[in-house]
Each structure stands twice: as C-alpha cells, then as structure tokens.
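Residues per chain, in single letters:
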Amino acid sequence: AGTRTINRLFYVEIDPSKTVDHCISLLDCNITAPEKHLIWELERAGHLDGIAWGKPLDDGTPTIAFTFENDEDPIGLSVELFSLDIDTLPYAPLWEESDL
C-alpha cells in the first residue's frame with residue numbers, strides 16, 4: 001500500500017489593488033490575505049503534477065486534463081480528463097487591462 005495524497009485546487013480572487021509589491025516586509029504590510037475557496041479535491045496515490053486544457057467533447061463541452069505523478073507506479077504518470085461546466089465557474093478578470 002502506497003502513500004495517499006489529497007490533491008486540492010482552490011479558487012482565489014486576486015484584487016490588483018491589494019498586492020504586496022509595495023511592502024518592504026510582509027511583517028509590516030497592512031494587507032489581508034485573499035479568500036480562497038476549495039473547488040476540487042481528490043484523494044489518490046500520487047500528486048497533481050500538471051494541468052492543461054483537454055480536447056473538447058463532441059458536444060463542445062471543454063475539458064481539463066490533470067496529470068498525476070506516482071513514483072511507485074511502473075508507468076509513473078497518469079492522466080485524467082474532466083469535463084467543465086464553464087457557466088458555473090466563478091469569473092475573475094485577471095487578464096483584462098488594469099490601471100496598475
């Protein structure tokens with residue numbers, strides 16, 4: 001029996017106005033940590049090693065591929081594909097232009 005690992009992904013909303021780049025020390029920086037929300041969790045042998053967009057399903061539903069590394073497995077790597085319901089995912093405009 002190998003070691004079990006709990007892999008987790010969190011959604012964190014980043015506010016560009018609350019960055020720490022202006023702080024000389026985090027001990028003296030008056031910034032609160034952003035909220036994080038667990039959006040995915042999987043317990044399995046091996047740890048999450050990579051994430052990439054997968055091939056869309058025949059109906060156009062987007063997918064995301066997770067790769068897991070497991071040193072105890074002779075192959076050493078497994079890939080799992082998950083379908084996504086994009087309309088239910090939170091949206092954060094991270095790549096839009098900002099005034100910063």
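Everything that follows concerns the structure shown earlier in this document.
Let us look at the structure shown here. What you see is a predicted model; the values in this text were computed from it and never measured.

### Things to note about the pattern of salt bridges
Here's step 1: Scanning all chains against the criterion turns up 1 salt bridge.
Here's step 2: The salt bridge involving Glu41 is made with Arg8; its shortest N-O contact spans 2.5 Å. Here Glu41, found in strand 2 (residues 36-45), pairs with Arg8, found in strand 1 (residues 4-12); they are 33 residues apart in sequence, far enough to count as distant.
Here's step 3: The class of Glu41 is partly exposed, set by a relative accessible area of 43%.

### Things to note about the state of the cysteines
Here's step 1: Enumeration according to the criterion identifies 1 disulfide in this entry.
Here's step 2: Across the disulfide, Cys23 is cross-linked to Cys29 (sulfur-sulfur distance 1.7 Å). There is no split in this pair, since Cys23 and Cys29 are both buried.

### Points about a nonpolar patch on the surface
Here's step 1: A grouping of Phe10, Val12, Ile14 and Leu38 is seen on the molecular surface, where their side chains present a nonpolar patch of about 330 Å² in accessible area.
Here's step 2: Mapped onto the secondary structure, Phe10 falls in strand 1.

The rules we used
- Residues numbered from 1 in each chain as written.
- Predicted model: local features only at pLDDT ≥ 70, side-chain atom pairs only at ≥ 80, totals over all residues.
- Heavy atoms only, no water.
- Salt bridge = Lys/Arg side-chain N within 4 Å of Asp/Glu carboxyl O.
- Helix = DSSP H or I, 4+ residues; strand = E, 2+ residues; numbered from the N terminus.
- Buried < 20%, exposed > 50% of the residue type's maximum accessible area, 1.4 Å probe, protein only.
- Disulfide = S-S within 2.5 Å.
- Patch = residues over 30% accessible without salt bridge, like charges linked within 9 Å, V, L, I, M, F, W, Y side chains within 5 Å.
- Areas by Shrake-Rupley, 256 points an atom, 1.4 Å probe, with all protein chains shown as cover.

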